[in-house]
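What follows is the residue order along each chain.
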There are 2 protein chains.
Amino acid sequence: MTDFSITRTAFHIPDGVIYLDGNSLGPVPLAAEQRAREVIGREWGEMLITAWNRAGWMDMPRRVGDRIARLIGAAPGTVVMGDTLSIKVYQALAAALDLRPDRKVVLSDSGNFPTDLYMAQGLLRSLNRGHELRVVAPEEVEDAISEDVAAVMLTEVDYRTGRMHDMAALTRKAHEVGALTLWDLAHSAGALPVDLAGAGADFATGCTYKYLNGGPGAPAFIYIRPDLAEQVEPALSGWLGHEAPFAFDPDYRPGRGIERMRVGTPPVIQLAILDAALDVWDGVDMHDLRRRSIELTERFIAGVEGECPGLALVSPRDPARRGSQVSFAFEEGYAAMQALISRGVIGDFRAPDVMRFGFAPLYVGEDDVDRAVRILAEIIATSGWDKPEFRRRSAVT
Amino acid sequence: MTDFSITRTAFHIPDGVIYLDGNSLGPVPLAAEQRAREVIGREWGEMLITAWNRAGWMDMPRRVGDRIARLIGAAPGTVVMGDTLSIKVYQALAAALDLRPDRKVVLSDSGNFPTDLYMAQGLLRSLNRGHELRVVAPEEVEDAISEDVAAVMLTEVDYRTGRMHDMAALTRKAHEVGALTLWDLAHSAGALPVDLAGAGADFATGCTYKYLNGGPGAPAFIYIRPDLAEQVEPALSGWLGHEAPFAFDPDYRPGRGIERMRVGTPPVIQLAILDAALDVWDGVDMHDLRRRSIELTERFIAGVEGECPGLALVSPRDPARRGSQVSFAFEEGYAAMQALISRGVIGDFRAPDVMRFGFAPLYVGEDDVDRAVRILAEIIATSGWDKPEFRRRSAVT
């Protein structure tokens, strides 16, 4: 049984702060500061260039990838770190389209994070081969998976609403019609159990600065289904994805399996900090995490709906269809969030009117939930926002 | 007049080490350790998500880019940081080909760093429009710039030999026939004066962990000639290159000028460390740096040629055609470099037989040069490598 009173002590949370924005940027793990000193002072400082081998820098993208693999239901050797989520989405989508040369549709939904859609737009424009990016409403995705679809590109948990797709069912449907799937786990990795291998997902990508607490600009990860990896001819064919980077061959030859998704020199310092941040997961069972996450989000929803009239839940009410965040629409949401932050309750706001609250069980407890509800209720009452004219449903679904 | 005895005190060089590998990974600037503590402890730790605005994280790619712009002869607002050199090469080349849709040749040379060639290969394969990557010998580049060339893609200073291209002359020649130029400044930025604006270069990219001492995996930079930037439709169209990233529009619209070359979330911690590493340049005149670099490399060549028979200079003898490194071919080069490193003289080795020594005037002095020569001479004499059979010319030119 995971002890969340212990995981909480692994983080620095400033005095008086209730941090409900770990779905945007996780807080500092205490181990991270120590590790930064080591990698800068002892490794870079003392070993200089020799640290690439002596301190194991060159292998970090794979080693850290293996640690993340465990959290997302992937086998060792199928995940590698590097770049940003945007770049990893580009690599995965380019590979998927390469594997389905006769199909011209990329299917996504309007709940996907914009950068995924933007990267797809840029790729399709470059390819200039008549591809279409077909964007449907989240609830229409399943029916839209048809035989002309090359790749279904989705973010599992919606960044605004927390609505969660059924990865296994949609992947099954995609495979039935011969399409590949690309799952963005930005709001899943470290937030809930993910079972990439069980679902048969083809590609997955994610970032590590949210629920994985790797720090601002921590590197992204990419997964390829092991039996597909060797078929992928990388679009971003950088030297560290080469079969033998230090042979300095004039021609690119892809490295083994997922290694070919490496591109340039890895961000060693950020990787080291992320590596330290992952230590806290060693004792965490992902199903305990999920149970705890649901307790916290249910408690928050009940509290807000009981004490804060005017806020309308935009997250799914069924916890099984929700990630580890809760979003409420509120006409004065922007001002209310500013007031919350000034009182130490940090969530965030997403246009047009969504107040977003993330619940990371590693460091958020029931007391935090209760205090956040109380402060929010006070703000609403003292601002006069409990009057009926502020009760309006959001356009976001 | 730049005082290099002062710049030297800004770095940590381990006791007994003569560091001649700053052309691969620069040493730790003392200010970097302090800045890492601040960005992790005070900014990430205390400000959490609000640091994106309050600590100025969101603007760092441009602000740090402006500091590098000064060192490479670029106007403020024309350089932006992010990703890796490989990614930046891809962006620049994709943009160049987009601007010359009727031309199908990318001209490069066999002295280019492999990742530049690999990224071009991956891009051309993806585009699938009949492009050719034409690779000629370095001395044949000028004659090979013909009217079918879309882009001339070169690394200014050869990573193995230190041979330097004439950026202004080759750019002029390219423009005469309507081609664009893409300069990789990996071994130029911080090593010698670069004048991108004066040369009329169209695109430039570079890394910051060599002569700019940004640390392992420090982010890369990209430059676009200001009057071209607004014509570029980015291939890697990430959300932070969007005109309004936080509007979360479904469609990509490129940001203003060079900002559109941003892709995903910036590596804030590595950027902060790089920013601190750039402080040392504030008092440095690039022409003083060049003078000093030539003094050091000339002294090293004279010393090695006088005391180490068997080593053949593969760098240009004319300092005006050489970067800030010196390479010697030697049949037992690999073993000799290992012996040097074990005695504290750190250079590196590049296949097949090249011993590479970088001279960063910020922290390398004449005493270092003399001591490195003496130790190398001792190693050669005691190993019996001064016998005539070890005197063979390298195949690398």
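Quick caveat, the model's predicted, so the values are computed rather than measured.

Peer 1: So what's going on with the overall build of chain A? Residues and values would help.
Peer 2: Summing up its helical and strand segments, chain A has 14 helices and 15 strands in all. Computed over the C-alpha atoms, the radius of gyration of chain A is 22 Å, within 12% of the 21 Å expected from 2.2 N^0.38 for a compact globule of 397 residues. Overall, the C-alpha framework of chain A stretches about 70 × 55 × 35 Å when taken along its three principal axes. Burial status across chain A gives 67% buried among its 397 residues. Working note: accessible area of chain A is about 13,200 Å², and carbon and sulfur atoms make up 49% of it. Taking the 42 positively charged and 56 negatively charged side chains of chain A as two groups, their mean positions are separated by 1 Å.

Peer 1: Go over the relation of the copies chain B and chain A with me, naming the residues and quoting the values.
Peer 2: When chain B is fitted to chain A, the best match, at an RMSD of 0.0 Å, comes from turning it 180° and sliding it 0.0 Å along the axis. Look at the turn and shift together and you get a two-fold axis relating the two. If distances are taken from each C-alpha of chain B to the rotation axis, the shortest is found for B:Leu127, at 2.7 Å.

Peer 1: Pulling in residues and values, what's your account of the nonpolar core?
Peer 2: By size, the foremost hydrophobic cluster in this structure holds 301 residues, and its most contacted members are A:Phe203 and B:Phe203. Not counting residues within four places of it along the chain, the set of residues in contact with A:Phe203 comprises A:Ala92, A:Ala95, A:Ala96, A:Leu99, A:Leu180, A:Thr181, A:Leu182, A:Trp183, A:Tyr223, A:Ile224, A:Leu228 and A:Val232.

Peer 1: Help me get a handle on the pairing of strand β7 (residues 149–155) of chain A, residues and values and all.
Peer 2: Residue and element names in this part refer to chain A. Within β7, 7 of the 7 residues are buried, which leaves the element mostly enclosed by the surrounding structure. Note: strand β5 (residues 105–109) against β7, 3 bridges, orientation parallel. Bridging across to β7, Leu107 finds its partner in Val152. For the crossover that starts at β7, traverses helix α8 (residues 167–176) and ends in the parallel strand β8 (residues 180–184), the hand is right-handed.

Peer 1: How would you explain empty space enclosed by the protein if you had to name every residue and give the values?
Peer 2: The method is simple in principle: a probe with the dimensions of a water molecule rolls over the atoms, and the space it marks as empty is what remains. Using the criterion set out here, one finds 3 cavities of 30 Å³ or more in the structure. Lining the largest cavity are 30 residues; nearest its centre among them are A:Asp83, A:Thr84, A:Pro267, B:Asp83 and B:Thr84. Every element with two or more residues in the lining of the largest cavity is listed here: β4 (79–82) of chain A together with β4 (79–82) of chain B. Looking at side-chain class alone, the lining of the largest cavity contains 15 nonpolar, 10 polar and 5 charged residues. One number sums up the size of the second largest cavity: a volume of about 70 Å³. Around the second largest cavity sit A:Glu33, A:Ala36, A:Arg37, A:Ile40, B:Glu33, B:Ala36, B:Arg37 and B:Ile40, which together line it. Elements with a minimum of two residues in the lining of the second largest cavity: α2 (30–47) of chain A together with α2 (30–47) of chain B. Looking at side-chain class alone, the lining of the second largest cavity contains 4 nonpolar, no polar and 4 charged residues.

Peer 1: Pulling in residues and values, what's your account of the domain arrangement of chain A?
Peer 2: All names here are of chain A. Domain assignment breaks chain A into domain 1 (4–29 + 285–390) and domain 2 (56–282). For domain 1 and domain 2, the distance between their C-alpha centres works out to 29 Å. Taken together, the contact pairs 33 residues of domain 1 with 23 residues of domain 2. Approximately 2,200 Å² of surface area, both sides summed, lies buried where domain 1 meets domain 2, with 64% of it carried by carbon and sulfur atoms. At the surface where domain 1 touches domain 2, the tally comes to 0 salt bridges. Viewed at the interface, domain 2 and domain 1 are joined by 12 residue pairs in polar contact (both at pLDDT 80 or more). Those elements that place two or more of their residues in the side of domain 1 that touches domain 2 are α12 (286–307), β12 (325–329) and β15 (354–358). Looking at the side of domain 1 that touches domain 2, the element that brings in the most residues is α12, giving 5 residues. Of the residues in the side of domain 1 that touches domain 2, the class split is 15 nonpolar, 13 polar and 5 charged.

Peer 1: Give a detailed account of the sheet that holds β15(A), specifying residues and quantitative values.
Peer 2: Residues and elements named next belong to chain A. Here we have 4 strands laid out as an open sheet, ordered β11-β12-β15-β14, and antiparallel in their pairing. Every interior strand has two partners, whereas the edge strands, β11 (312–313) and β14 (348–350), have only one. Sheet topology places β11 next to β12; 2 bridges connect them, and they run antiparallel. When the sheet's bridge partners are listed, Leu313 is paired in β12 with Phe328. Contacts from α12 reach β11, β12 and β15 within the one sheet, and its direction differs from that of β12 by about 20°.

Peer 1: Describe the sheet that holds β7(A), naming the residues involved and giving the relevant values.
Peer 2: All names here are of chain A. What the 7 strands build is an open sheet, ordered β4-β10-β9-β8-β7-β5-β6; its pairing is mixed. What marks the edges here is a single partner per strand, and that holds for β4 and β6 (132–136). Averaged over all pairs of adjacent strands, the angle between their axes in this sheet comes to 20°, without regard to strand direction. One ladder, built from 4 bridges, connects β4 with strand β10 (residues 220–224); its direction is antiparallel. If you follow Val79 over to β10, its bridge partner there is Tyr223.

Peer 1: Any details on helix α6 (residues 114–127) of chain A? Residues and values, ideally.
Peer 2: Here α6(A) contains 14 residues, and its C-alpha end-to-end distance of 20 Å stays within 8% of the 20 Å for a straight helix at 1.5 Å per residue. Counted residue by residue, α6(A) has 12 buried out of 14 residues, so it is predominantly covered. Packing partners of the buried residues in α6(A) comprise α5 (85–99), β5, β6, β7 and β8 of chain A together with α6 (114–127) of chain B.

What counts and what doesn't
Numbering of residues begins from 1 in every chain and follows the order in which that chain's sequence is written. Starting at A for chains and at 1 for ligands, labels are handed out in the order in which the entities are written. It should be noted that, the model being predicted, local features are given only for residues of pLDDT at least 70 and side-chain atom pairs only at 80 or more, the latter also being counted only at that level, while totals for whole chains, interfaces and linings use all residues. Note that the side-chain values use all heavy atoms of the structure and ignore hydrogens as well as water. Working definition: helices are DSSP H or I runs of at least four residues, strands are E runs of at least two. Numbering for both runs from the N terminus. The reference for a compact globule is 2.2 Å times residues^0.38; the radius of gyration itself is calculated from the C-alpha atoms. The cut-offs for exposure are 20% and 50% of the maximum accessible area for each residue type, with area from a 1.4 Å probe on protein chains only; residues under the lower value are buried, those over the upper are exposed, and the others partly exposed. What sets the accessible areas is the Shrake-Rupley method with a 1.4 Å probe; for residues, cover comes only from the shown protein chains. Counted as positive: Lys and Arg. Counted as negative: Asp and Glu, with His and the chain ends omitted from the count. Working definition for charges: the position is that of NZ of Lys, CZ of Arg, CG of Asp or CD of Glu. What sets the superposition is a least-squares fit of C-alpha atoms, and only residues with pLDDT of at least 70 in both copies go into it. In this text, buried Ala, Val, Leu, Ile, Met, Phe, Trp, Tyr and Cys residues form a nonpolar core when linked through side-chain atoms within 4.5 Å. In what follows, a contact means two residues having at least one pair of non-hydrogen atoms within 4.5 Å. One bridge is not enough; two strands pair if DSSP finds at least two bridges between them. When the strands point away from the viewer, a crossover counts as right-handed if the route from the first strand across the helix to the second turns clockwise. A 1.4 Å probe that fits into a set of points on a 1 Å grid over the protein atoms alone but cannot get out defines a cavity; an open set with protein on both sides within 12 Å along at least five of seven lines defines a pocket, and lining residues are those with an atom within 4 Å of a point. Grid points are joined across faces, edges and corners, and a volume is the space filled by probe spheres set on the points. Residues are grouped as follows: nonpolar covers Ala, Val, Leu, Ile, Met, Phe, Trp, Tyr, Cys and Pro; charged covers Asp, Glu, Lys and Arg; every other residue, Gly included, is treated as polar. Note that the domain bounds reflect an automated or database-derived domain assignment. By buried area we mean the combined loss of accessible area, with a 1.4 Å probe, across both parts when two parts are placed together. Put simply, a salt bridge is a Lys or Arg side-chain nitrogen that is within 4 Å of an Asp or Glu carboxyl oxygen. The definition of a polar contact used here is a pair of N or O atoms within 3.5 Å, where within protein one atom must be able to donate a hydrogen and the other to accept one, and adjacent residues in sequence count solely through side-chain atom pairs. Under this scheme, a helix contributes an axis fitted over its contacting stretch, all axes are lines through C-alpha atoms, and angles between N-to-C directions fall in the 0 to 180 degree range. In a helix, the anticipated span is given by 1.5 Å times the number of residues less one.

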